[in-house]
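What the coordinates show
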Amino acid sequence: MLYISIPLENFLDTTKMSFEVCVKAAVGAPDVLGDCPFSQRVLLTLEEKKVPYKMHLINVSEKPQWFLEVNPEGKVPVIKFDDKCIPDSDVIVGLIEEKYLNPPLSPPPEVASVGSKIFPSFVKFLKSKDPNDGSEQALLDELKALDEHLKAHGPYVNGENICAVDLSLAPKLFHLDVVLEHFKGWKVPESLTHIHKYMKLLFSRDSFKKTEPAKEYVIAGWAPKVNT
C-alpha cells in the first residue's frame, strides 16, 4: 500500500502497524517509488526479514508538513520504530537486525566494508566533465576489488548467504548500471564476470523485484546532479 501523505496523528498511531517507513517518491510521479538507494536498502532489509510494513512516499521537492514535524531534517528514509521516528539507513537497518534476528543479516567484521567506496567513486565519475581526471579509473579499481572478493568468497559478499552488505550494494550497483549507461554510455566491463553474476543474482531476488524503482525514475532522479 502506497501513500503520498498522511496526517501526523496517523503516522504516529501505534495501533495501525508495527513498522511504517517513509521513502522517496519518484521525480515527477509522487505516487510511484523513487530512486533513493538508501530507501531501497531499508525496504530490502524489511523484505528479506519478512517484516510487515507500510510505506509512505515522500515528494522530496514538496515535503508534507506532517513529515517535517516528525523529521525536521527532512531526509529519507525514516522509519517509525518503537514509537520513535528514526532517520539514517545505517541506524535503521541496525535496529531492524536487533529486533528481528532471523534471518541474520549482520556481516562479520572482515567483510563489513567490502565495496564501500564504489558508490562515491560512481558519483564522482558520473559528475566528471574531465575524461582525464582519473575518476573512471578509480571506479574501475573499486569494481575490480569487488570482483576479486566475489571470485574468492562469492556468490555473495559473505559467501552463500546474503547479508546487509549485499543489501546496501544492490541498489547502488543498480543505479550505477542504469545511470552510467544512460548519461555516459558506460557499462561495467564484461571482464568483471563475478560482478555481472553478482548483480544478476541480487536483481533477481524477490526482495529486489518488490522494491525496484523503474529505470526512467532512476534516470530522472540523477539528471539534476549530472547537469549541474
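As the structure is a prediction and not an experimental result, all values here were calculated from the model.

**Focus on the pairing of strand β5 (residues 78–81)**
Burial along β5 is two-sided: the face carrying V78 and K80 and the face carrying I79 and F81 are both buried. Relative to β5, strand β2 (residues 20–26) runs antiparallel, the two being bridged by three bridges. The partner of V21 across the bridge, within β5, is I79. Of the pairings in the sheet, the one linking β5 to strand β6 (residues 84–87) comprises four bridges and is antiparallel in character.

**Re the packing of aromatic side chains**
On inspection of all chains with the given rule, the structure shows ten aromatic pairs. When the centroid spacing of 5.8 Å and the interplanar angle of 85° are considered together, the rings of F38 and F119 count as edge-to-face. Here F119 lies in helix α5 (residues 118–127) and F38 lies in helix α2 (residues 37–48), a separation of 81 residues in the sequence. Taking the relative accessible area as the measure of exposure, F38 reaches 31% and is therefore partly exposed. The exposure class of F119 is buried, given its relative accessible area of 13%. Ring plane angle 80° and centroid distance 6.0 Å describe the contact between W66 and F67, whose orientation is recorded as edge-to-face.

**A look at the packing of helix α7 (residues 164–184) against helix α8 (residues 193–203)**
Two elements in contact, α7 and α8, have axes whose closest approach is 10 Å; the angle formed by their N-to-C orientations is 110°. One way to sum up the angle between α7 and α8 is to call them roughly perpendicular. Residues D166, L169, A170, L173, F174 and D177 of α7 pack against Y198, M199, L202 and F203 of α8. A breakdown of the residues in the contact of α7 with α8 according to their chemical character gives eight nonpolar, no polar and two charged.

**Points about the side chain of T211**
Here T211 shows up in helix α9 (residues 206–211). Residue T211 is classed as buried on the basis of its relative accessible area of 2%. Among the polar contacts made by the side chain of T211, one reaches the main-chain carbonyl oxygen of S207 at a distance of 2.9 Å. Not counting residues within four places of it along the chain, the set of residues in contact with T211 comprises L33, Q40, L43, L44, E47 and Y53.

**Some words on the state of the cysteines**
In the structure shown here, the tally under the stated rule is zero disulfides. Distance from the sulfur of C22, which forms no disulfide, to the nearest cysteine sulfur (C85) is 7.4 Å. This cysteine, C163, is not joined by any disulfide, and C36 carries the nearest cysteine sulfur, 20 Å off.

**Structural notes on the pattern of salt bridges**
For the structure on display, the rule yields eight salt bridges. A salt bridge links K24 to D35; the shortest N-O distance between them is 2.8 Å. Of the two residues, K24 sits in strand β2 while D35 sits in the loop between β3 (29–33) and α2, which places them eleven residues apart along the sequence. Taken individually, K24 and D35 each receive the classification buried, so the pair is uniform in this respect. Note that K210 is salt-bridged to E47, the shortest N-O span being 3.8 Å. A residue pair is termed long-range when its members are at least 10 positions apart, and K210 in helix α9 and E47 in helix α2 qualify at 163 residues. Judged by relative accessible area, which is 60%, K210 ranks as exposed. Looking at E47, the relative accessible area reads 18%, which means it is buried. Residues joined by salt bridges that share partners form a network here, namely D177, E181 and K187.

Rules used throughout
- Residues numbered from 1 in each chain as written.
- Predicted model: local features only at pLDDT ≥ 70, side-chain atom pairs only at ≥ 80, totals over all residues.
- Heavy atoms only, no water.
- Buried < 20%, exposed > 50% of the residue type's maximum accessible area, 1.4 Å probe, protein only.
- Helix = DSSP H or I, 4+ residues; strand = E, 2+ residues; numbered from the N terminus.
- Pairing = 2+ DSSP bridges.
- Phe/Tyr/Trp six-rings, centres within 6.5 Å; stacked < 30°, edge-to-face > 60°.
- Axes fitted to C-alpha atoms, helices over the stretch in contact; angles between N-to-C directions.
- Parallel < 35°, antiparallel > 145°, perpendicular 65-115°, else oblique.
- Contact = heavy atoms within 4.5 Å.
- Nonpolar A, V, L, I, M, F, W, Y, C, P; charged D, E, K, R; others polar.
- Polar contact = N/O pair within 3.5 Å; in protein donor to acceptor, adjacent residues only side chain to side chain.
- Disulfide = S-S within 2.5 Å.
- Salt bridge = Lys/Arg side-chain N within 4 Å of Asp/Glu carboxyl O.

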